[in-house]
Amino acid sequence: MKSVFTGAFAIVSVFVVSACETTSSRPYKASTENIMAMQQTLGSSGVAVSVGEFSAAEGVDIEPTCRALGALEIAPGKTPVEYIRSAFQDELFAAGVIDTAAPAITGVLEQLEFNSFGTGSWDVTLKLASDAYPEGFSVTNSYEFKTSFSALKACQNVIDAFQPTVSGLIAEAVAHPEFSNLAPTPAGS
């Protein structure tokens, strides 16, 4: 009888420990392509912008969980909203088109969903606006990646795919025909 309880305890212990696993991400790495596109779009006209507040729309889960592993740590010490804002700011800075005194671009995360079964995917939608273009525009990036039968590996793949998802989201934003509308009109125009 004692061995039955010991076996049951071992199984429950393994489940409890694995159910509380947390996966974590890597810091954002700026995209050369995005930086060059920002330089071409904003830098060529001599305007600068800053990055204002980013938030999540009502109903968007910014603390997603994956399978039985619990919460995903999308970025070290950051929510997905903070991660996206920081990535956007890093690329504007690297492009040389950021000025903290310039009008701010703001963002609202309208969708943040992932699939960790079958073909994995992230679907992220971001609305960008500014004082120069208050109606703004939305962009969506859907990014597919390989997943796994193992919950731990599949959820780590979800996390690892977030950085290229955000990079692709920024690329979609910069390529959008209304992106330059977010910047103020250059002086003398």
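Provided above is the structure to which this section pertains.
Residues numbered from 1 in each chain as written. Predicted model: local features only at pLDDT ≥ 70, side-chain atom pairs only at ≥ 80, totals over all residues. Heavy atoms only, no water.

Here we take up the packing of aromatic side chains. Inspection of every chain in the model, using the stated rule, returns six aromatic pairs. Judged by centre distance (5.9 Å) and plane angle (85°), the ring pair of Tyr28 and Tyr83 falls under edge-to-face. Taken together, the positions of Tyr28 in the loop between strand S1 (23–24) and helix H2 (32–41) and Tyr83 in helix H3 (residues 80–95) put the pair 55 residues apart, joining distant regions of the chain. The two residues Tyr28 and Tyr83 agree in class, both being buried. Residues Phe114 and Trp122 carry aromatic rings whose centres are separated by 5.2 Å and whose planes lie at 55° to one another, so their mutual orientation is tilted. Residue Trp122 is classed as buried on the basis of its relative accessible area of 0%. An aromatic cluster of at least three residues, connected via ring pairs, comprises Tyr28, Tyr83, Phe114, Trp122 and Phe162. (Phe/Tyr/Trp six-rings, centres within 6.5 Å; stacked < 30°, edge-to-face > 60°. Helix = DSSP H or I, 4+ residues; strand = E, 2+ residues; numbered from the N terminus. Buried < 20%, exposed > 50% of the residue type's maximum accessible area, 1.4 Å probe, protein only.)

This part takes up the environment of Gln39. Take Gln39: it is sitting in helix H2. Taking the C-alpha atoms as reference points, Gln39 and Leu92, 53 residues apart in sequence, are found 8.4 Å from one another. Setting aside anything within four residues of it in sequence, one finds Gln39 in contact with Ser44, Ala94 and Ala95. (Contact = heavy atoms within 4.5 Å.)

Axis separation between H2 and helix H5 (residues 162–175) bottoms out at 10 Å; the angle between their running directions is 20°. It follows from the interaxial angle that H2 and H5 lie roughly parallel. The two elements H2 and H5 cross, and the hand of that crossing is left-handed. Together, Asn34, Ala37, Met38 and Thr41 of H2 and Ser167, Ile170, Ala171 and Val174 of H5 make up the contact between the two elements. Tallied by class, residues from the contact of H2 with H5 come to five nonpolar, three polar and no charged. (Axes fitted to C-alpha atoms, helices over the stretch in contact; angles between N-to-C directions. Parallel < 35°, antiparallel > 145°, perpendicular 65-115°, else oblique. Left-handed = near helix turned anticlockwise from the far one by under 90°. Nonpolar A, V, L, I, M, F, W, Y, C, P; charged D, E, K, R; others polar.)

Before going further, it helps to examine the environment of Leu112. Along the chain, the position of Leu112 falls in strand S4 (residues 104–115). Taking the C-alpha atoms as reference points, Leu112 and Gly59, 53 residues apart in sequence, are found 9.9 Å from one another. Setting aside residues up to four positions removed in sequence, Leu112 forms contacts with Val60, Asp61, Ile62, Pro80, Trp122, Asp123, Val124 and Phe162.

This brings us to the sheet that holds strand S5 (residues 119–130). Strands in a sheet are paired, the pairing made by backbone hydrogen bonds, and the direction either parallel or antiparallel. Strand order across the open sheet formed by four strands is S2-S4-S5-S6, with mixed pairing between neighbours. In this open sheet, the two strands that pair with only one neighbour each are strand S2 (50–56) and strand S6 (137–146). Each neighbouring strand pair of the sheet contributes to a mean axis angle of 25°, computed without reference to strand direction. In terms of strand pairing, S4 meets S5 through ten bridges, oriented antiparallel. Within S5, the position partnered with Val108 by the bridge is Lys127. Against the sheet, H5 makes contact with S4, S5 and S6, and its axis sits at roughly 145° relative to S6, the strand it touches most. (Pairing = 2+ DSSP bridges.)

That is the geometry; function is a separate question.
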